[in-house]
Amino acid sequence: MTSPWSNWAGNQTATPARVAHPGSASELGELLRAAAAEGLRVKAVGSGHSFTPTAVTDGVRVELDRMASLVRVDENLVTVQAGMKLSALNATLAANGLAMPNLGDIDAQTISGALSTGTHGTGAAYGCLSTFIEALTLVAADGTELSCSATQNPDLFAAARVNIGALGVLTSVTLRCVPTFTLRADERPASLDDVWSGLDEHIGGNDHFEFYWFPYTDRVQMKRNNIVPVADTPLPGWRRWLDDDFLSNTVFGAACRLGRAVPSTVPTVSRISARALSARTYTATSHEVFCTPRRVRFVEMEYGLPREALREAFDGLRRIVDRLPYKIQFPVEVRFTAADDIWLSHGYGRDNAYIAIHQYAGAPYEEYFRRFEEVTTPLGGRPHWGKMNFRTAESLAQAYPRFADFTAMRDKLDPNRVFANVYTERVLGA
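Residues numbered from 1 in each chain as written. Predicted model: local features only at pLDDT ≥ 70, side-chain atom pairs only at ≥ 80, totals over all residues. Heavy atoms only, no water.

Overview of helix 2 (residues 86-95)
Of the residues making up helix 2, those classed as buried are Leu86, Leu89, Asn90, Thr92 and Leu93. On an axial view of helix 2, the arc spanned by its buried residues comes to 165 degrees, and they lie on one face. Along its buried surface, helix 2 packs onto strand 6 (70-74), strand 7 (77-81), strand 8 (98-99), helix 3 (111-116), strand 11 (169-176) and helix 9 (286-290). Of the residues trailing helix 2, Gly97 is marked for its positive phi of about 70 degrees. (Buried < 20%, exposed > 50% of the residue type's maximum accessible area, 1.4 Å probe, protein only. Helix = DSSP H or I, 4+ residues; strand = E, 2+ residues; numbered from the N terminus. Arc of directions from axis to C-beta. Contact = heavy atoms within 4.5 Å.)

Description of the pattern of salt bridges
Counted according to the given criterion, the structure contains 23 salt bridges. In this structure, Arg61 and Glu63 form a salt bridge, with 2.9 Å as the shortest nitrogen-oxygen distance. Between Glu366 and Arg370 there is a salt bridge, with the nearest N and O atoms lying 2.7 Å from each other. Note that Glu366 and Arg370 are positioned in helix 11 (residues 366-376) at a spacing of four residues, about one turn of the helix. According to the relative accessible area criterion, Arg370 is partly exposed, its value standing at 38%. One network of salt bridges, with partners in common, ties together Glu300, Glu302, Glu333, Arg335 and Lys387. (Salt bridge = Lys/Arg side-chain N within 4 Å of Asp/Glu carboxyl O.)

Thoughts on the packing of aromatic side chains
Applying the stated criterion across every chain yields a total of 16 aromatic pairs. Where Trp196 meets Phe211, the ring centres are 6.0 Å apart and the plane angle is 85 degrees; that geometry is what we call edge-to-face. Of this pair, Trp196 sits in helix 5 (residues 192-197) while Phe211 sits in strand 14 (residues 208-213), and the two are 15 residues apart along the sequence. Look at Trp196 and you get buried, because its relative accessible area is 16%. Under the relative-accessibility criterion, Phe211 is labelled buried at 0%. Through successive ring pairs, a cluster of aromatic residues spans Trp196, Phe209, Phe211, Trp213, Phe314 and Phe336. Directly above the ring of Phe157 sits Arg161, whose terminal nitrogen or CZ lies 4.0 Å from the centroid. The cationic tip of Arg370 hangs over the ring face of Phe390; the distance from NZ or CZ to the ring centre is 3.9 Å. (Phe/Tyr/Trp six-rings, centres within 6.5 Å; stacked < 30°, edge-to-face > 60°. Lys NZ or Arg CZ within 6 Å of the ring centre and 35° of its normal.)

Shown next as structure tokens:
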């Protein structure tokens, strides 16, 4: 059977030759061998929360909804099938007294999609989510199931933890988790001067720090999350609904629609929004703090940069926003992560600062995104693999020290490019 597919943002669509729902690694292996014999390409599709064409195919679309279960819990090591969504993972871990050490702010992705694109949260001591992988299995283009860890097939492990779907289809992952913990969230408006004057203290003095800048203003919303022993300040239900549902989704969505229809209103709305924010402090289970609902549709580009290049990139971004022929409706998000050793991780070999830029779905964005990329690329910028970029393999080979090692692994596991598509051909080479 076949059916059209589109991602969450609606900017990527595809109609494959057929859709497959394997229930096991052996079934997946059989369909991969059959597809290769027919000359069809194959792409696994998660929840569609990537903004790039990473899951687009006219061949076989593989959905892992029948491979989304808990496999086992062994103290703090939890093995799950790759089709499980992060929201289900969080609930499963909580039921076993465990949690992910860090998370991003969206929990709708599948495990395989989140890990394969380098999804990350914020926190100076934490790498991307893929750094929590203890072991994984994938099925390669010839139908063979391969396992790897730091001690078993270590080169494959270094490549496969962030793989853009180019090496195979993930079937299971073992995650190194921690006991359930509570976060104290402190969210408050501030000025850009407040951020820059104390940036090192903000990053180093909090377990998790990030800020959102409101275009056309000098105002930000700072978010500081720190581990505490008890949940002594729960957020009232009405306040959570007001802030995270009504204001952040219903009202913000209406403001975006107004801005798209009448662009001249955008700077005023941005200034009002920045000034209208109020501080809040509360405690909750970690995943309830990390993850928030996102119902207003947008497109996004995000670049990881050496931390020392953040200010130059951010100042360049401000100049771009002021000079664009159209208005930017979404705040800009800035986060921080630790270095890691994963070949295609944005944080390979360095502590990162991330700048994420967004635009409301249906509003113009390409000039905004291209100009920002022109600023970040010479500063050592590395694009988030699941978010929009215009880079090519030639350019990216200069940004990733182990790029050639990754493409050599790809040549070994998928010499006939069963898992290729327009996106991997552009960013990894044909």
